[in-house]
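As a plain string of letters, each chain reads:
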Amino acid sequence: MKWQISVVLLLALSLSACGPMKLSGATPTDTTYAVDGVKLISSSISRGDDARTYGQRRYTISSEARVLLRFESLTTSQSKILKTQPIWIRVFTPDAAGQTTAVANLKACPVLEDWMMAASWKSAHPYRGGEWKDGAPIEDDECTPATAIASTTGDCAATNAVCFDVSSWYKHYVVERGLNFGHALTSETPVEILGDGSHSKGPRIQWSE
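Rules of the game
Residues numbered from 1 in each chain as written. Predicted model: local features only at pLDDT ≥ 70, side-chain atom pairs only at ≥ 80, totals over all residues. Heavy atoms only, no water. Buried < 20%, exposed > 50% of the residue type's maximum accessible area, 1.4 Å probe, protein only. Helix = DSSP H or I, 4+ residues; strand = E, 2+ residues; numbered from the N terminus. Arc of directions from axis to C-beta. Contact = heavy atoms within 4.5 Å. Polar contact = N/O pair within 3.5 Å; in protein donor to acceptor, adjacent residues only side chain to side chain. Salt bridge = Lys/Arg side-chain N within 4 Å of Asp/Glu carboxyl O. Pairing = 2+ DSSP bridges. Disulfide = S-S within 2.5 Å. Axes fitted to C-alpha atoms, helices over the stretch in contact; angles between N-to-C directions. Phe/Tyr/Trp six-rings, centres within 6.5 Å; stacked < 30°, edge-to-face > 60°. Lys NZ or Arg CZ within 6 Å of the ring centre and 35° of its normal.

With respect to helix α2 (residues 96-105)
Within the sequence span of α2, burial applies to Gly-98, Gln-99 and Ala-102. Relative to the axis of α2, the buried residues are bounded by an arc of 100° and lie together on one face. Facing away from the buried surface of α2 by more than 90 degrees, the exposed residues are Ala-97, Thr-100 and Ala-104. In this fold, the buried residues of α2 make contact with β8 (161-165) and β10 (191-194). Its side-chain oxygen 3.4 Å from the backbone nitrogen of Ala-97, Asp-95 forms the N-cap of α2.

Points about the pattern of salt bridges
Applying the stated criterion across every chain, the model contains 7 salt bridges. The shortest N-O distance in the salt bridge between Arg-70 and Glu-72 comes to 3.3 Å. Residue class for Arg-70 comes out buried when judged on its relative accessible area of 8%. The residue Arg-70 makes a salt bridge to Asp-114 at a minimum N-O spacing of 2.6 Å. You can see Arg-70 sitting in strand β4 (residues 65-70) and its partner Asp-114 sitting in the loop between β6 (107-110) and β7 (144-145), a full 44 residues away along the chain.

Section: the sheet that holds strand β9 (residues 183-186)
Across the sheet, which stays open at both edges, the 5 strands sit in the order β2-β4-β9-β6-β7 with antiparallel pairing between neighbours. Strand pairing shows two members of the sheet lacking a second neighbour, β2 (37-42) and β7, which therefore form its edges. In this sheet, β9 lies alongside β6 in antiparallel orientation, the contact comprising 4 bridges. Bridge pairing links Cys-109 to Ala-184 in β9.

What to know about the state of the cysteines
Within the structure shown, the criterion is met by 2 disulfides. Each sulfur in the disulfide pair Cys-109 and Cys-143 lies 2.0 Å from the other. With the S-S dihedral at roughly 110°, the linkage between Cys-109 and Cys-143 falls on the right-handed side. On the criterion of sequence distance, the pair formed by Cys-109 in strand β6 and Cys-143 in the loop between β6 and β7 is long-range, its members being 34 residues apart. You'll find Cys-109 and Cys-143 in the same group, each marked buried.

Focus: the side chain of Ser-120
Of note, Ser-120 is situated in the loop between β6 and β7. For Ser-120, a relative accessible area of 8% puts it in the buried group. In contact with Ser-120, other than residues within four places in its own chain, are Ile-41, Ser-46, Gly-48 and Trp-132.

Things to note about the sheet that holds β8
Spatially, the 4 strands line up as an open sheet ordered β1-β11-β5-β8, and their pairing is antiparallel. Where the open sheet ends on each side, the last strands, each with one partner, are β1 (30-34) and β8. Neighbour-to-neighbour, the strand axes of the sheet open up by a mean angle of 25°, direction not taken into account. As defined by bridge partners, strand β5 (residues 88-92) adjoins β8 across 5 bridges and the pair is classed as antiparallel. Across the sheet, the residue bridging to Trp-88 is Asp-165, located in β8.

Re the packing of aromatic side chains
Using the criterion set out here, one finds 3 aromatic pairs in the structure. With a centroid separation of 5.2 Å and 40° between ring planes, the pair formed by Tyr-33 and Trp-207 is classed as tilted. Here Tyr-33 is found in strand β1, whereas its partner Trp-207 is found in strand β11 (residues 204-208), with 174 residues between them in sequence. By relative accessible area, which is 32% here, Tyr-33 ends up partly exposed. The cationic tip of Arg-177 hangs over the ring face of Tyr-173; the distance from NZ or CZ to the ring centre is 4.5 Å.

Right under this line is the structure:
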């Protein structure tokens, strides 16, 4: 009898050491974070510290202006992310007409070099060796088009929301190569989005755990 009690106690201790158990059939929980790196780069703005390039309520994206987005903590959150569910970048437009234009033209493209918040159209940072291709080097072949709102659910179906499924980028860049330089939002047609100064309507990244 004593050995049976000991076995039960050892089993209980080992389970508690592993932390709370999760049932395999548990419902996934959506987790949403504000993007912590939001930076406008424009051919018409030469200084990376120009106040118009960060903390703004709105940004206009065009052939001569892009918005860089990065969530730096994503790399350390890998073990929590449910890889069977998509990872989204979500932005908002000011109105329905802007949403239509964004869905038709806006893309999220992987940035290929590291950058700082002092980035500009011609450089990733203001120090020696920071020069880069005009508008930041991106992987054109892996750009993600905006997702049609009607085909999504949850936060991506919110009024005037525009989402990008960046699951493939997460797998091939963050998980396999350990690279997280974020994305550049690009468009040949002018598109206006709400910026990081718009609080709850600012750019977000979302996944399931």
